[in-house]
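Residue-level structure breakdown
Next come the chains, spelled out residue by residue.
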Amino acid sequence: MNKQQLAAKIWESANRMRSKIEANEYKDYILGFIFYKFLSDQEVKFLKKEGWIDEDLPSVREEDGDTVNYVQKSLGYFIAYNNLFSTWLGMGSDFDVSKVRKALSAFNRLLNASHKKLFENVFYTLDTGLSKLGDSSNAQTKAVSALLHLIKDIPMDGRQDYDVLGFIYEYLISNFAANAGKKAGEFYTPHEVSLLMSEIVAHHLRDRQTIEIYDPTSGSGSLLINIGKAVAKHMNSGSQSGIKYYAQELKENTYNLTRMNLIMRGILPDNIVVRNGDTLGADWPCYDSNDSQEPYKPLDADNNFQPLSMDAVVSNPPYSQKWEPQDKKEDERYARFGLAPASKADYAFLLHDLFHVKPDGIMTIVLPHGVLFRGGEEGEIRRNLLENNHIDAVIGLPANIFFGTGIPTIIMVLKRKRERTDVLIVDASKGFEKVGKNNRLRASDIKKIADAVTQRLDIAKFSRSVSLEEIRSNDYNLNIPRYVDSAEPAESWDIYASMFGGIPENEIAAFAPYWAAFPGLKEALFVTGSGAYVNLNTADIKAFVREYPGVNAFRRNYTAALAGFSDYLKGELRQVMDGADINKEESVLSADLFRRLADVPLVNVYEAYQILDERWQQTAADLEIIQTEGLAAAKQVDPRLVIKKKEGKESEVQEGWLGHIIPFELVQALLLPEDLASLRAEEGRLDEIRSGYEALFDALDDEGQDKLLNDDNDAFDAKAVSSAVKDIYKNIATDDMQTLQEYLRLTNKKEKLAFAGRHSEIAWEAMEANKDGTYSKSAVSNYISQLRKNCSFAEGTFEYAAMAANALLEEEKNLKKQSKARAEALHIKTKEVIEGLDDVQVCELLYAKWIDPLLARLLRLPDSIIADFVSKLEKLASKYAVTLTDVEEQIADQANQLVGMLEQLTGNEFDMRGIEALRDMLRGSAQ
């Protein structure tokens, strides 16, 4: 299975196994064991690279000082054979939780001094939390053993395994965050927000080959890692070897997540500098020889601590947290701008970040929306930041985008030195998709925001560059709606058109982009009315627009823009299969797609990008497998494993096969179309039979339902139907049947021959005669049965329903058996075809899987554009279709009808006086 499927499987099982343990706690156990497996597998991989074989591994013991020192020097840690993850798995029933406790204690004891800061107490949260996995040692052992077997299939020693491991780790963290409520904010920044910040930072640093990045509130480290991955795409090597990571985190268990996450991504230990500390309490990182925390260097000539400056600083600090600004007035981080109020540390975090940015560096920070407009100390800090030209962009995010909080948030982009003085304001609050209880940025939203920021784009209702003068005039208030109005205009109603009809020309003018794209359509669609009003020239707007030549020309132009895109994709994907960088490829493909669609009117290129991105995720997963395992992986099939429950226990059992990369359905459609068509025909007939049941249901009366349906009255009961049919057969007695029954009562040969001669109306030839010309009892009885079966009944009768249902049930039973056998045969045949594919066939099937669905969706874009246009036109037409004059006439007509009915009423004196008053009132409304 690919990394997405493996991650989903592990999460599903882990979520089920955690039972009543809080998600926020359980994550520390499973992620801790994943990290231990990683370190254990890395040591085995190292030893085998150095010439060790499996038979040698049991001699890897703590007592062997030379081996311990050798491994420590290379890896920074040492794990004895008895404590290896693979050894635990091999113990079977001899495994005990005490072995984990001993192993974790030994790990801390056997660290290389040079790597102590990186590894020391990294398993503290796991070690101290083992007791929460069960009330007894046996229960804990059972829970730990289940966890070990759950994660044993995560690969950690192949070409792509850092990525697979990292993906699974990130997947689990994000899912635990989604289930951790408010505590999620302590350790996780949503992946999409990380990607957005990464794109902005990576663009700024794109020409650098060595980079230092820092997250002072690192949480799980995911934000920092995503920044590194995005930056690495622009480096010549494409690797992260030139990137140094600095991270600080206050909470120890979350600090441990940061360390694990960074190490498991294959980042060199020398490029990881981490600290468990209070970012606001004391400045870090800095050059301080007296600080026990790395990094440190001697003080400068004036005996001052020197801050370390970074190429990029990124953070998602806790929102509006209380802090202690006492004694911070002289702190260099805040001295230039002012101190944040004690009740809200948002600007304290921001100023700390800015303090550590290089003059040519960049920082991005997630903050609550209130920092844009709150006054007091925060207003003064904001003014100083603006006047010193540090704020580069403000991005308003959708509400409810972070786990555990629904407050509106923003990303602020700042720089130490800028050539321009304006501020780009982006209102991205409207672009998202709903996922469960939260909102999530789509790939197209991320790209649109990143493009606006990096290219300084002014986009209507989305982004605008605002001058410092305008911001000053608003008293340094950066509240987004002051500068970007993303609200849809309120609907207005034309008074004249409301009274007399017609469509105002100024409302038609709002469709200017469509009229430009479909030349002549406006003139053909409308005819001149009264003054500045027009009337529709058709009763069917949809058909008129769809058939208009200019609209069809638009479709053709769009299709022409994508001509050759399929061949281009094949060439690019072939290069990636041969080893080109997967991480860079989506940018290459999207650039070509944007170029093709640049001159096509009405097309939202970001909508096209969303389609590309959704397809690319699956394609990239396949390409990772091919780069790791070779093209032969596409000729491989895997067991299809499903969870089955038996006697209250769950177990995995195999149900057929799955293509390792190429789906069975695709192979059947392209290489086995006749076999597939036969199976589909049988399945189609089964659907027809089900429809036949429904028709019979509707015709049954209450008695028929009681006799023929199951207890739930939603299906025919096969036994009841069969019994009813037998009864019907018994009761059938046609003239021919009665004649034949008389024949059966005869015993004399001469009487039988005479009887047959007298009854020529019977089809005696349909029965097999004896040598003497008579007919046996069995032959006559069988013929009587055949006559019964051939009897027909009027539609709607009970007999008709029972006979028809019985025939359908019999056909369905036989067809299901036949269809099942055919499906199983096709399944095996497909497996054999996949395993026998040549390389050319593999490539064609892969292109069909990757490219055909992408192109199909892209080619449907014009239809959705036209449908949206038609919908808007129809809404406008219906808006003024019924005028107020029409309404008034309808009211008058209804009033006159009511007056007429009232005149026919009779009653006593008071009734009639009341009726007369009501008639007078209605006559007035009718005038």
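Heads up: the structure comes first, above all this text.
Residues numbered from 1 in each chain as written. Predicted model: local features only at pLDDT ≥ 70, side-chain atom pairs only at ≥ 80, totals over all residues. Heavy atoms only, no water.

The subject of this paragraph is the overall build of the chain. In terms of helices and strands, the chain carries 39 helices and 18 strands. Against the compact-globule benchmark of 30 Å for 927 residues, the chain has a radius of gyration of 39 Å, which places it well outside the compact range. In terms of overall dimensions, the chain has C-alpha extents of about 135 × 95 × 65 Å along its principal axes. Counted over contacts in the chain with a minimum sequence separation of 6, partners at least 24 positions apart contribute 71%. For the chain, the exposed surface amounts to about 45800 Å²; the carbon and sulfur share of it is 49%. Side-chain charges in the chain split into 110 positive and 142 negative, and the spacing between the mean points of these groups amounts to 3 Å. (Helix = DSSP H or I, 4+ residues; strand = E, 2+ residues; numbered from the N terminus. Rg over C-alpha atoms; globule rule 2.2 N^0.38 Å. Contact = heavy atoms within 4.5 Å. Areas by Shrake-Rupley, 256 points an atom, 1.4 Å probe, with all protein chains shown as cover. Lys, Arg positive; Asp, Glu negative; His and termini not counted. Charge placed at Lys NZ, Arg CZ, Asp CG, Glu CD.)

Following tryptophan 284, the chain continues into proline 285 via a peptide bond in cis, with omega recorded as 5°. Turning to its location among the elements, proline 285 is positioned in the loop between strand S3 (272-276) and strand S4 (286-287). Notably, asparagine 389 is not glycine yet its phi reads approximately 60°, a positive angle. With respect to the secondary-structure elements, asparagine 389 resides in the loop between helix H15 (376-387) and strand S8 (391-396).

A word on the pattern of salt bridges. In total, this model carries 49 salt bridges according to the counting rule given. Between arginine 685 and glutamate 811 there is a salt bridge; the shortest N-O distance is 2.8 Å. Placement of arginine 685 in helix H28 (residues 673-699) and of glutamate 811 in helix H34 (residues 798-835) is noted, with a sequence separation of 126 residues between them. Of the residues examined, arginine 685 reaches a relative accessible area of 26% and is grouped as partly exposed. Taking the relative accessible area as the measure of exposure, glutamate 811 reaches 30% and is therefore partly exposed. Taken together, the shared-partner salt bridges in this structure form one network comprising Asp392, Lys415, Arg418, Arg420, Asp422 and Arg456. (Salt bridge = Lys/Arg side-chain N within 4 Å of Asp/Glu carboxyl O. Buried < 20%, exposed > 50% of the residue type's maximum accessible area, 1.4 Å probe, protein only.)

Judged by nonpolar contacts, the single largest core of 110 residues is most densely connected at Ile30, Phe33, Phe35, Leu39 and Ile395. Counting residues per element, this core draws most heavily on helix H2 (residues 23-49), which supplies 14 residues. Leu525, Leu569, Ile834 and Leu861 belong to the second largest nonpolar core, which has 76 residues in total. (Core = buried A, V, L, I, M, F, W, Y, C linked by side-chain atoms within 4.5 Å.)

A few words on a nonpolar patch on the surface. Together, Val882, Leu884, Val887 and Ile891 make up an exposed nonpolar region whose accessible area comes to about 340 Å². Along the polypeptide, isoleucine 891 turns up in helix H38 (residues 884-902). Looking at isoleucine 891, the relative accessible area reads 48%, which means it is partly exposed. (Patch = residues over 30% accessible without salt bridge, like charges linked within 9 Å, V, L, I, M, F, W, Y side chains within 5 Å.)

What follows concerns the packing of aromatic side chains. Evaluation of the coordinates by the stated rule reveals 37 aromatic pairs. A centroid spacing of 5.4 Å and a plane angle of 70° characterise the contact between tyrosine 77 and phenylalanine 119, whose relative ring orientation is edge-to-face. Highlighted residues: tyrosine 77 in the loop between helix H3 (65-75) and helix H4 (85-90) and phenylalanine 119 in helix H6 (residues 116-119), separated in sequence by 42 residues. Assessed through its relative accessible area of 2%, phenylalanine 119 is described here as buried. Geometrically, the ring pair formed by phenylalanine 518 and phenylalanine 554 is edge-to-face, given 5.4 Å between the ring centres and 80° between the ring planes. Placement of phenylalanine 518 in the loop between helix H20 (512-517) and helix H21 (521-525) and of phenylalanine 554 in helix H23 (residues 549-561) is noted, with a sequence separation of 36 residues between them. The pair phenylalanine 518 / phenylalanine 554 is uniform in exposure class, with both members buried. In textbook terms, an aromatic cluster arises when at least three aromatic residues are bridged by ring pairs, as seen for Phe35, Tyr36, Phe38, Tyr77, Phe85, Trp88, Phe95, Phe107, Phe119 and Phe123. When the ring centre of phenylalanine 594 is taken as reference, the NZ or CZ atom of lysine 447 above it lies at 5.1 Å. (Phe/Tyr/Trp six-rings, centres within 6.5 Å; stacked < 30°, edge-to-face > 60°. Lys NZ or Arg CZ within 6 Å of the ring centre and 35° of its normal.)

This paragraph deals with the sheet that holds strand S13 (residues 463-466). Read from one edge to the other, the open sheet built from nine strands follows the order S3-S2-S1-S6-S7-S9-S8-S10-S13, with strand pairing classed as mixed. Edge positions in the sheet fall to S3 and S13, since each of these pairs with one other strand and no more. Neighbour-to-neighbour, the strand axes of this sheet turn through a mean angle of 15°, independent of strand direction. In the sheet, strand S10 (residues 423-427) pairs with S13 via four bridges, with the strands oriented antiparallel. Bridge pairing links valine 426 to serine 463 in S13. (Pairing = 2+ DSSP bridges. Axes fitted to C-alpha atoms, helices over the stretch in contact; angles between N-to-C directions.)

So, to be careful, I would describe these as geometric facts and stop short of saying anything about function.
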